2 protein chains.
Amino acid sequence: MNNMEIIDDIKYDAQGLVPAITQDIYSKEVLMVAYMNKEALQKTLETGNVHYYSRSRQKLWLKGETSGHFQKVKEISFDCDLDAILIQVEQIGAACHTGNRTCFYRSLKNNELVEKEAKDQNQDKFEVLQQI
Amino acid sequence: MNNMEIIDDIKYDAQGLVPAITQDIYSKEVLMVAYMNKEALQKTLETGNVHYYSRSRQKLWLKGETSGHFQKVKEISFDCDLDAILIQVEQIGAACHTGNRTCFYRSLKNNELVEKEAKDQNQDKFEVLQQI
């Protein structure tokens, strides 16, 4: 199955979209979830820069086009049902439009939604070291 | 914002669903993407075991109910738009119905879709060590 075949074999939903999860290749942090249509996946594979389909603006969206916060593709994986895409990227700047590194910057703690402490990549690595 | 408020504040789609990404708390591997409705999120928060809404079976789905491959909730995060959920879990057994640890077991290599080599958690940690 080559690049062009995978583009056709993906199971897009009724709107022609498939969820794409972006993960930092270094820290393994999940950065965001957005959607791709066939054109966005094709452009992503062709250029090595992640493209999504913006549901609000209803158009192709090169991530970083205005912010400079590009996502450089390092690895693209597909799930068992071919209805979700996982992209490991080198994230330039912040993935989130709020300025946070990840869109998932809030989590539940003691039944309250709180912002996570900012971490840099080295802190992630040190946490792994401590587990060993 | 407490647990009950977050359940109501999530932006479910027209089908009443929100994508939920499950990540291994230890290896940081993304395991699967599935969907939750309000009831699934509520049950997940109440029980500490991940519940989804099965779109094919159109019913609440306790992950591991038949396979024993439960997902124990360790942390739940929400994205900036409150339209996606990230759950860090302790995964019992395999997340994927194919028997693979993760549903994302295939990636593009040289334009071909190939199965990734199986990795154990320690291998992930050693890879991080090599980056330091």
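Residues numbered from 1 in each chain as written. Chains lettered and ligands numbered in written order. Predicted model: local features only at pLDDT ≥ 70, side-chain atom pairs only at ≥ 80, totals over all residues. Heavy atoms only, no water.

Visitor: Can you help me understand the sheet that holds strand β7 (residues 106-109) of chain A in this one?
Guide: Each strand in a sheet pairs with another by means of backbone hydrogen bonds, the pair being arranged parallel or else antiparallel. Pairing is mixed in the open sheet, where 6 strands are placed in the order β8(A)-β7(A)-β5(B)-β6(B)-β1(B)-β2(B). The outermost strands of the open sheet, each flanked by one partner alone, are β8 (112-115) of chain A together with β2 (30-36) of chain B. If you compare each strand with its neighbour and ignore which way they point, the axes differ by 35° on average. Strands β7 of chain A together with β2, β5 (71-78) and β6 (85-91) of chain B of the sheet are contacted by helix α2 (residues 38-47) of chain B, whose axis makes an angle of about 125° with β2 of chain B. (Pairing = 2+ DSSP bridges. Helix = DSSP H or I, 4+ residues; strand = E, 2+ residues; numbered from the N terminus. Axes fitted to C-alpha atoms, helices over the stretch in contact; angles between N-to-C directions. Contact = heavy atoms within 4.5 Å.)

Visitor: How should the pattern of salt bridges be read in this particular structure?
Guide: Pairs may arise between side chains of opposite charge once their charged atoms sit close together. For the structure shown, the criterion picks out 12 salt bridges over all chains. Across the salt bridge formed by Glu 75 of chain A and Lys 109 of chain B, the nearest N and O atoms sit 3.8 Å from each other. Taken together, the residues Glu 75 of chain A in strand β5 (residues 71-78) and Lys 109 of chain B in strand β7 (residues 106-109) connect one chain to another. Classification of Lys 109 of chain B by relative accessible area gives partly exposed; the value is 40%. Note that Lys 116 of chain A and Glu 75 of chain B form a salt bridge whose closest N and O atoms lie 3.6 Å from each other. In this pair, Lys 116 of chain A sits in the loop between β8 and α3 (121-131) while Glu 75 of chain B sits in strand β5, so the two residues belong to two different chains. Using a relative accessible area of 29% as the deciding quantity, one classes Lys 116 of chain A as partly exposed. Among the ionic contacts, a cluster of salt bridges with common partners joins Glu 75 of chain A together with Lys 109 and Lys 116 of chain B. (Salt bridge = Lys/Arg side-chain N within 4 Å of Asp/Glu carboxyl O. Buried < 20%, exposed > 50% of the residue type's maximum accessible area, 1.4 Å probe, protein only.)

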